[in-house]
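An overview of the molecular structure
Listed below, chain by chain, are the residues.
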Amino acid sequence: MAGTTHPTASHSKLTVAEPYLIQQDCAAYTPEQHGVWRELVNRRMPQLKEHACQEYLAGFEQIGLQADSIPDLAKVNARLEPLTGWNATPVSGFLPPDAFFEMLAARRFPTTTYIRGRESMEYTPEPDIFHDVLGHVPMHAHPVFADFLEHYGKVCATVMGDKDKLERMGRLFWFTVEFGVIRQDGGIKLYGSGLISSHGEARYVIEGGPEIRDFNLEQVLEQEFKVSEMQKVLYAVESFDQIYEAAKEAEARLCR
Ligand SMILES: [Fe+2]
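Numbering of residues starts from 1 in every chain and runs along the sequence as written. With the structure being a predicted model, the display of local features is reserved for residues of pLDDT at least 70 and the display and counting of side-chain atom pairs for 80 or more, all residues being used for whole-chain, interface and lining totals.

This paragraph deals with the packing of helix α6 (residues 143-158) against helix α11 (residues 241-254). To define axes, lines are fitted to C-alpha atoms, for helices over the stretch in contact only, and angles between the resulting N-to-C directions are given on a 0 to 180 degree scale. In DSSP terms, a helix is any run of H or I states spanning at least four residues, a strand is any run of E spanning at least two, and both are numbered starting from the N terminus. At their nearest, the axes of α6 and α11 sit 8 Å apart, and the two run at 15° to each other. On the basis of the axis angle, α6 is roughly parallel to α11. Note on packing geometry: the crossing formed by α6 with α11 is left-handed. Within the contact between the two elements, α6 uses Val144, Asp147, Phe148, His151, Tyr152 and Val155 and α11 uses Asp241, Ile243, Tyr244, Ala247, Lys248, Ala250, Glu251 and Leu254. Orientation labels follow simple angle bins: below 35 degrees gives roughly parallel, above 145 gives roughly antiparallel, 65 to 115 gives roughly perpendicular, and whatever is left gives oblique. Here a crossing is called left-handed whenever its near helix is offset anticlockwise from the far helix by less than a right angle, and right-handed whenever the offset is clockwise. For the purpose of contact definition, each residue receives a C-beta atom placed from its backbone, and two residues are in contact when these atoms lie within 7 Å.

Let us look at unusual backbone geometry. For Arg107, which is not a glycine, the phi torsion comes out positive at approximately 60°. Relative to the elements of secondary structure, Arg107 occurs in the loop between α4 (97-105) and β2 (108-112). The phi torsion at Asp185 lies on the positive side, around 50°, for a residue other than glycine. Within the fold, Asp185 resides in the loop between β3 (181-184) and β4 (187-190).

Turning next to the pairing of strand β1 (residues 87-91). Buried residues dominate β1, accounting for 4 of its 5 residues. Think of it this way: DSSP has to see at least two bridges between two strands before they count as a pair. Bridging between β1 and β2 involves 5 bridges; their strand directions are parallel. Residue Pro90 lies in a different strand from β2, and its bridge partner there is Thr111. Think of it as a crowd count around each C-beta: if 20 or more other C-beta atoms lie within 10 Å the residue is buried, if 12 or fewer it is exposed, and in between it is partly exposed, with C-beta placed from the backbone throughout.

The subject of this paragraph is the environment of Tyr152. Following the sequence through the fold, Tyr152 ends up in helix α6. Using a count of 24 C-beta atoms within 10 Å as the deciding quantity, one classes Tyr152 as buried. For the pair formed by Tyr152 and Glu251, sequence separation is 99 residues and the distance between their alpha carbons is 8.5 Å. In contact with Tyr152, not counting residues within four places along its chain, are Leu104, Phe173 and Ala247.

The next point concerns α4. One full turn of an α-helix is made of 3.6 residues, so residues set three or four places apart face in the same direction. Burial in α4 covers these residues: Phe100, Phe101, Glu102, Met103, Leu104 and Ala105. On the buried face of α4, the contacting elements are β1, β2 and α6. Positioned one or two residues after α4, Arg107 has a phi angle of 60°, which is positive.

With that settled, the discussion passes to the nonpolar core. The nonpolar side chains of a soluble globular protein tend to be buried with one another. The biggest cluster of nonpolar side chains holds 67 residues, and the ones touching the most others in it are Phe148, Leu190 and Ala247. With 8 residues, α6 is the single largest residue contributor to this core. Not counting residues up to four positions away in its chain, the partners in contact with Ala247 are Phe148, His151, Tyr152 and Val155. A set of buried residues qualifies as a nonpolar core if it consists of Ala, Val, Leu, Ile, Met, Phe, Trp, Tyr and Cys joined through C-beta atoms within 7 Å.

In this section: the pairing of strand β5 (residues 211-214). Note that β5 and strand β6 (residues 233-237) share 4 bridges and pair parallel. The residue of β6 that forms the bridge with Ile212 is Leu234.

Okay, the sheet that holds β5 next. Note: strands within a sheet are paired through backbone hydrogen bonds, in either parallel or antiparallel orientation. Spatially, the 4 strands line up as an open sheet ordered β4-β3-β6-β5, and their pairing is mixed. Across the chains shown, the open sheet's two edge strands, defined by having one partner strand only, are β4 and β5. Each strand axis lies, on average, 45° off the axis of its neighbour in the sheet, ignoring direction. Examined bridge by bridge, β3 and β4 share 4 bridges and lie antiparallel to one another. Bridge assignment links Arg183 to a residue of β4, and that residue is Ile188.

With that settled, the discussion passes to the packing of helix α7 (residues 163-178) against α11. Running from amino to carboxyl end, α7 crosses α11 at an angle of 175°, the nearest separation of the two axes being 12 Å. Overall, the two elements α7 and α11 adopt an arrangement that is roughly antiparallel. Of the residues in α11, those in contact with Lys165, Arg168, Met169, Leu172 and Thr176 of α7 are Ile243, Ala246, Ala250 and Leu254. Residues are grouped as follows: Ala, Val, Leu, Ile, Met, Phe, Trp, Tyr, Cys and Pro are nonpolar; Asp, Glu, Lys and Arg are charged; every other residue, Gly included, is polar. Counted by class, the contact of α7 with α11 contains 6 nonpolar, 1 polar and 2 charged residues.

In structure tokens, the structure reads:
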């Protein structure tokens, strides 16, 4: 059952992902870099307060994110781990799939520590700490989402050898973790990190750009998408139980 148990803060040892783990050097951030964080957060918050889902906004408060400085991941984790056992773990950059899924299955979110420059305020192809922490980590404080993401990592680790199955699981990630929306308070609210962390993508959704379909696992697993364009189709859930059940259902279908 989702949202009932979680591991303690003593994490199992990572093997495949181990070479990608780094330490975050908070003292090395310059005033200019803190300024970029501040500007990005202050730009996003008015829209997020109105259009992000309740669970995201609650998580933002619970993990203690601040607008004035780049988050110290140790402090974030000190608040996050007691809630769900998740940990935002510093990594050097993009991870290969096996390392990425190993971390998710261990409730450790691969988190970059560098921040974009001023030339990339609107968009950066590489993840940075703004996308990873502001975009992703608040949702990890929600028990059902937390269980979903761990289970998602476990299913992907199981189908690693099958390119077709992995591609389909990648679509599930894209239309939930990255570009997920939820019906709430009579409207469409954002929870996907790609929407939370991008002013332009979020505005496009708020203004009614994409077609919003009811979440349907069968369709999501087959739905192609383009990384470099605004999303034409999004899938709305009614509750986060739905994506937890979807991960279980995907497991039943793909891991037979
Ligand atoms: Fe992301």
